[in-house]
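Listed here are the chains, written in short residue letters.
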Amino acid sequence: MATFADLYKPVKDFFGKVYVSENRVDLAKKADSAKFSTFLEAGKNKTSGEVAVENSTEFSSLKTKYKFSTNANGRAIAKLTITPTSFKGVEVAGQADIATDGSGENLEFTADYKNSPLTLTAAVKKAKAKTTIDGSGSFAVSAIKVRFRGEYRWAELPPPPPSAHSHSSSSRHKKPHKHHNRRTKRDTPGGEGTISFTYRIKRGLSVGGSATYNAVSSSIEKTAYGASYSSDGSNFAFVVEDQKKMKAGVTAETRAADRPVLVGAEVVNNLTDGAAVDSFTVGIQTKLNDQLVKAKLNQKGAFFVALQTTLSKGLKATYGVQTNLCSRDTLAAAVKVEYDG
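Here the structure is a predicted model, which means the values were calculated and not measured.

A tally of helices and strands in the protein chain yields one helix and 20 strands. Across the 341 residues in the protein chain, those meeting the buried criterion constitute 28%. Taking all contacts inside the protein chain whose residues are at least 6 apart in sequence as the whole, residues at least 24 apart take part in 40%. Of the accessible surface of the protein chain, which amounts to about 22,000 Å², a share of 56% is contributed by carbon and sulfur atoms.

With that settled, the discussion passes to a nonpolar patch on the surface. Where nonpolar side chains cluster on the molecular surface, the patch consists of Phe109, Val124, Ile133, Tyr213 and Ile220 and spans about 450 Å² of accessible area. Structurally, isoleucine 220 is set in strand β12 (residues 219-231). Of the residues examined, isoleucine 220 reaches a relative accessible area of 54% and is grouped as exposed.

The next subject is unusual backbone geometry. Cis rather than trans, the peptide bond between serine 116 and proline 117 has omega equal to 5°. By secondary structure assignment, the location of proline 117 is in the loop between β6 (105-115) and β7 (118-127). Notably, serine 218 is not glycine yet its phi reads approximately 55°, a positive angle. With respect to the element layout, serine 218 can be found in the loop between β11 (205-214) and β12.

Before going further, it helps to spend a moment on the side chain of aspartate 97. Within the secondary structure, aspartate 97 sits in strand β5 (residues 90-99). A residue is classified by how much of its surface remains accessible, and aspartate 97, at 13% relative accessible area, is buried. Among the polar contacts made by the side chain of aspartate 97, one reaches the side chain of arginine 75 at a distance of 2.8 Å.

Residues Val11, Asp13, Phe14, Phe15 and Gly16 constitute the buried set of helix α1 (residues 9-16). Packing partners of the buried residues in α1 comprise β13 (234-241), β14 (245-256), β15 (259-270), β16 (277-288) and β17 (291-298).

A few words on the confidence of the model for the protein chain. Averaged over every residue, the pLDDT of the protein chain is 79; residues scoring 70 or more account for 74%. Confidence drops under a pLDDT of 50 for residues 177-192, and excluding neighbours within four residues, the segment shows 16 contacts in the predicted structure.

The full count for this structure, using the stated rule, is nine salt bridges. Measuring nitrogen to oxygen at the nearest pair gives 3.4 Å for the salt bridge that ties glutamate 338 to lysine 35. Remark: lysine 35 occurs in strand β1 (residues 35-42) and glutamate 338 occurs in strand β20 (residues 331-340); sequence separation between them is 303 residues. What makes lysine 35 buried here is its relative accessible area of 6%.

Attention shifts here to the environment of glutamine 285. Checked against the element boundaries, glutamine 285 lands in strand β16. Sequence separation between glutamine 285 and lysine 296 is eleven residues; the distance between their C-alpha atoms is 8.8 Å. With residues near it in sequence (within four places) discarded, glutamine 285 still touches Phe14, Pro260, Val261, Leu262, Leu292, Val293 and Lys294.

Of all hydrophobic cores here, the largest spans ten residues; its members are Phe4, Leu7, Tyr8, Val11, Phe14, Phe15, Ala224, Ala237, Val239 and Leu262. Elements with a minimum of two residues in this core: α1 and β13. Among the elements that make up this core, the one with the highest residue count is α1 (three residues). Non-local contacts of phenylalanine 4, meaning those with residues more than four positions away in its chain, are made with Ser136, Gly137, Ser138, Gly208, Gly209, Ser210, Ala224, Tyr225, Gly226 and Val239.

Each value, and the rule that gives it
Numbers given for residues are sequential positions, taken from 1 along each chain in its written order. Predicted model: local features are reported for residues with pLDDT of at least 70 only, side-chain atom pairs are reported and counted for 80 or more only, and whole-chain, interface and lining totals are derived from all residues. The basis for every side-chain value is the complete set of heavy atoms in the structure, and neither hydrogens nor water enter the calculation. Under the scheme used here, helices are H or I runs from DSSP no shorter than 4 residues and strands are E runs no shorter than 2 residues, and both carry numbers assigned from the N terminus. Throughout, exposure labels follow a simple rule: accessible area from a 1.4 Å probe, protein chains only, divided by the maximum for the residue type, with under 20% read as buried, over 50% as exposed, and the rest as partly exposed. Contacts were defined at the residue level, with two residues in contact if any of their heavy atoms lie within 4.5 Å. The Shrake-Rupley method, run with a 1.4 Å probe sphere, supplies the accessible areas, and residue values consider only the shown protein chains as cover. Patch membership requires more than 30% relative accessible area and the absence of a salt bridge. Residues of like charge join within 9 Å; the nonpolar side chains Val, Leu, Ile, Met, Phe, Trp and Tyr join within 5 Å. A side-chain nitrogen of Lys or Arg and a carboxyl oxygen of Asp or Glu constitute a salt bridge if their distance falls within 4 Å. Here a polar contact is recorded for every N or O atom pair within 3.5 Å, except that within protein the pair must consist of a potential hydrogen donor and a potential acceptor, and residues adjacent in sequence are included only if both atoms are side-chain atoms. pLDDT is a residue-level measure of predictor confidence that goes from 0 to 100. We call a set of buried residues a nonpolar core when its members are Ala, Val, Leu, Ile, Met, Phe, Trp, Tyr or Cys and they connect through side-chain atoms within 4.5 Å of each other.

Laid out in structure tokens, this is it:
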């Protein structure tokens, strides 16, 4: 079951999962298995890094998962997720984001309810001098069927039947009877037809929305809604945020030279004043000698390329490079190492 945040996830993952500075830590969900991840990035004006570990355990009626990470910016994040097996579809989580220099902390508590086809999420977030409440939901549409049916009729009346006295000389001077020109119900239908139209969407369509309430100012701070559709390896999704920005993207699986290839495109539209298109990005992903290769390019010339390789059992490394093909004045490199065992 997908939450509202997951509606745009296939497109978001494709355009940001293993690139420099984007979604730095990607920890797999695997029961009773610890995963360790490190990230290091070096650019023209900055150097940053991150270390994370995640593990999960299962008790008699509870599934728990913890995650701890710390980065070079002086922040430590701890998250605990609890799933009670006795309550189907319920999951609660608490997260603390603490600055090691004492400059502030962010606390978050979330509760999810997932029961097909409905998913609901509620979150309370407390930052410095600010508390917000988030609510979101999504609905998986298993099938939509629209049918239109119309009927029409037409009639052509036969000529009046000949009178029994039509051949007599005396009937020539008589007026025709009025019932000869009368249309009766029995004469009306001369034919009929049917027009019908049926449209069906199979499994893969989800719709949803979210809202953020600021408890300090007692006002709605953010709103968003969107939809996604997945079928046969292809994904389409869009999200509208605050009626100001719309993100839409598509990914599609294909094959080239007997290799699996995933291609995609994403456009971010400005719905208010200013340029109509904020960004447009195209990307490609494939495998070369069992190594995952990804590349993307946007309309401003920013080019990203990444290579993910398996070093040994459970140990993976991802190398990323970023530059600008137009200005040629930026260069950044990053490496991420993951161990799952």
